[in-house]
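An overview of the molecular structure
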Amino acid sequence: MAEVVLKDVSKVYEGKNIAVKNVNLTVKDKEFLVLVGPSGCGKTTTLRMVAGLEEISSGEIYVDGKLINELSPKSRDIAMVFQNYALYPHMTVYDNMAFGLKLRKYSKEEINKRVTNAAKILDLESCLKRKPKALSGGQRQRVAVGRAIVRHPKVFLFDEPLSNLDAKLRVQMRTELSKLHNRLEATILYVTHDQTEAMTMGDRIVVMKDGSVNQIDTPLNIYNFPVNLFVAGFIGSPPMNFINGKIIETENLKFVNDDKSFSVDLDSNRYTGIKNHIGKPVVLGIRPENIYNNPDDNLILKKHRIKLEVAEPMGNETILYFRFGNSQFIARVHAIEKPRPGEEVDIYFNLNKLHFFSLDDGKAIR
């Protein structure tokens, strides 16, 4: 396998429409790197430029230390798995997986060896004589992956391969792709708009917005230390709660929201960067799972009495919806009997899990 390096890679379409802007990233050898972001953020265009399916406007792409800008797709030693499987309907599973090898003039013995081995890895041995119409969605996707495996490429590219599957099958295929990565020790660049896929599968995550990279880090670091408002709101389900306000100085530092319906005292030793934002507009963020209805006594908490708008029992937990001023809040709390809309309940904020962002530029305040 091999390392993939993108240096200042950009894509500009006619009319000066910038799809990808100065992307710099490295996919380490044997790493599973995930590009994630909303539709139109440039992640698939980035993947297609690596594959050679999209011309680069500027910048350089290297695979295994070799500049590949001018190489044709078939010369890049890269295998790509698409969202729509792209199987030949008139061919059997065996022939679909073998087709690329036949074009490259491999011997029948080598083709049979590679296809049989890939089918064993992907649990497709009983399907080799079937045609795609006789397969389930998950089996079709495994055939598409198998077609990539048999080539023994240096790099695997996946373009939202699970988006056409139902929810249960997506979970199953996530696990299978993760196991496959560990088994093959493959270098994988994977594109998805689903942040759950990114968090569960990636060794590292690249969060993109408007053609630019916002943050590259491990899933846990991106979750705990988002660099800006966009990353904080995009990663996490349900998303992080935000409330606008400012920092004021009394005996201690305090955050107060715009209509003064919410306030919280701050430990200036923990939130050291806040001292530089006294009197300035800031955004407080807290994740739904850091708001409790039955808290641990060892936590540092702030109690609030709130009026419920909606409660959604989920079995092992209950999702609560409520407001502070104009700000909608969501809390994931321990399972409770479904409360009535308008009912008042006590909730507790974990003061060690607050995030702060500058309202001016959206950047995190550390």
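Below is a short write-up of the structure.

A word on the overall build of the protein chain. The helix and strand inventory of the protein chain stands at 8 helices and 21 strands. Along the three orthogonal principal directions, the C-alpha set of the protein chain runs to about 80 × 50 × 40 Å. When the 366 residues of the protein chain are sorted by exposure, 48% land in the buried category. For the protein chain, the exposed area adds up to about 18200 Å²; of that, 46% sits on carbon and sulfur atoms. Here the protein chain contributes 52 positively and 44 negatively charged side chains, and the mean placements of these two sets differ by 6 Å.

This paragraph deals with the sheet that holds strand β6 (residues 78-81). Read from one edge of the open sheet, 6 strands run β6-β7-β8-β3-β9-β10, paired in mixed fashion. Looking at strand neighbours, the two that pair on one side only are β6 and β10 (212-217), the edges of this open sheet. Sheet twist, expressed as the average angle between the axes of neighbouring strands with direction ignored, equals 20°. In this structure, strand β3 (residues 32-36) lies alongside strand β8 (residues 187-192), joined through 5 bridges in parallel fashion.

Looking now at the nonpolar core. Ranked by internal contacts, the top residues of the largest apolar core, which has 48 residues, are M97, V145, F156, F158, L177, Y190 and V207. Within the second largest apolar cluster, 29 residues are counted, among which are V282, A311, F322 and I347.

This paragraph deals with unusual backbone geometry. The bulk of non-glycine residues show a negative phi, and the bulk of peptide bonds are trans. Between S237 and P238 the backbone carries a cis peptide bond, its omega angle lying at -5°. A positive phi angle is found at K105, which is not glycine, with a value near 65°. Judged by relative accessible area, K105 falls into the exposed class, the value being 72%.

For the rest of this paragraph, the subject is helix α1 (residues 43-51). Counting along an α-helix, one turn takes 3.6 residues, and residues three or four places apart therefore face a common direction. Along α1, 7 of the 9 residues are buried, which leaves the element largely enclosed by surrounding structure. The set of residues buried in α1 consists of K43, T45, T46, L47, M49, V50 and A51. Two residues or fewer past α1, G52 is found with a positive phi of approximately 90°.

A separate point is the packing of helix α2 (residues 93-103) against helix α4 (residues 137-149). Across the interface, α2 lies against α4 with an axial gap of 8 Å and an inter-helix angle of 30°. With respect to their mutual orientation, α2 and α4 come out roughly parallel. In the crossing of α2 with α4, the sense of the turn from one axis to the other is right-handed. Contacts between α2 and α4 involve V93, N96 and M97 from the former and V143, G146 and R147 from the latter.

All of the buried residues along α2 are V93, N96, M97, A98, G100 and L101. Packed against the buried residues of α2 are α3 (108-121) and α4. Downstream of α2 by a residue or two, K105 has a phi angle that is positive, lying close to 65°.

On to the side chain of Q139. You can see Q139 is positioned in helix α4. Beyond its immediate chain neighbours, meaning those up to four positions away, Q139 contacts L124, C127 and R130.

This part is about the packing of α4 against helix α5 (residues 167-184). At a closest axis distance of 11 Å, the pairing of α4 and α5 adopts a crossing angle of 20°. Comparing the axis directions of α4 and α5 gives the class roughly parallel. The crossing of α4 and α5 is right-handed. Listed contacts from α5 to G137, G138, Q141, R142, V145 and I149 of α4 are L169, Q172, M173, E176, L177, L180 and L184.

Taken in spatial order, the 3 strands of this open sheet run β15-β20-β16, and their pairing is antiparallel. Unpaired on one side and paired on the other, β15 (291-292) and β16 (301-307) mark the two borders of the sheet. Of the pairings in the sheet, the one linking β15 to strand β20 (residues 344-350) comprises 2 bridges and is antiparallel in character. Bridge pairing in β20 places Y292 opposite Y348.

Criteria and thresholds
- Per chain, residues are indexed from 1 in the order of the written sequence.
- Reporting in this predicted model follows two pLDDT cut-offs: at least 70 for local features of residues, and 80 or more for side-chain atom pairs to be given and counted; totals over whole chains, interfaces and linings ignore these cut-offs and use all residues.
- Side-chain metrics in this entry use all non-hydrogen atoms of the structure; hydrogen atoms and water are not considered.
- Counting from the N terminus, the helices are DSSP H or I runs at least four residues long and the strands are E runs at least two residues long.
- Note on exposure labels: buried denotes an accessible area under 20% of the residue type's maximum, exposed denotes more than 50%, and partly exposed covers the range between, all computed with a 1.4 Å probe on protein chains only.
- Per-residue and other accessible areas follow the Shrake-Rupley method at a 1.4 Å probe size, with only the shown protein chains counted as cover for residues.
- Positive charges are assigned to Lys and Arg, negative charges to Asp and Glu, while His and the chain termini are left out of the count.
- The atom standing in for a charge is NZ when the residue is Lys, CZ when it is Arg, CG when it is Asp and CD when it is Glu.
- Only strands that DSSP links by at least two bridges are regarded as paired with each other.
- Between the N-to-C directions of two axes lies an angle of 0 to 180 degrees, each axis being a line fitted to C-alpha atoms and, for a helix, fitted only over the stretch in contact.
- Here the nonpolar core consists of buried residues drawn from Ala, Val, Leu, Ile, Met, Phe, Trp, Tyr and Cys, with membership extended through side-chain atoms lying within 4.5 Å.
- We call two directions roughly parallel when the angle between them is under 35 degrees, roughly antiparallel when it is over 145, roughly perpendicular when it lies between 65 and 115, and oblique otherwise.
- Note: crossing handedness is left-handed where the near helix turns anticlockwise from the far helix by less than a right angle, and right-handed where it turns clockwise.
- Only heavy atoms matter for contacts: two residues are in contact if any of them lie within 4.5 Å across the pair.

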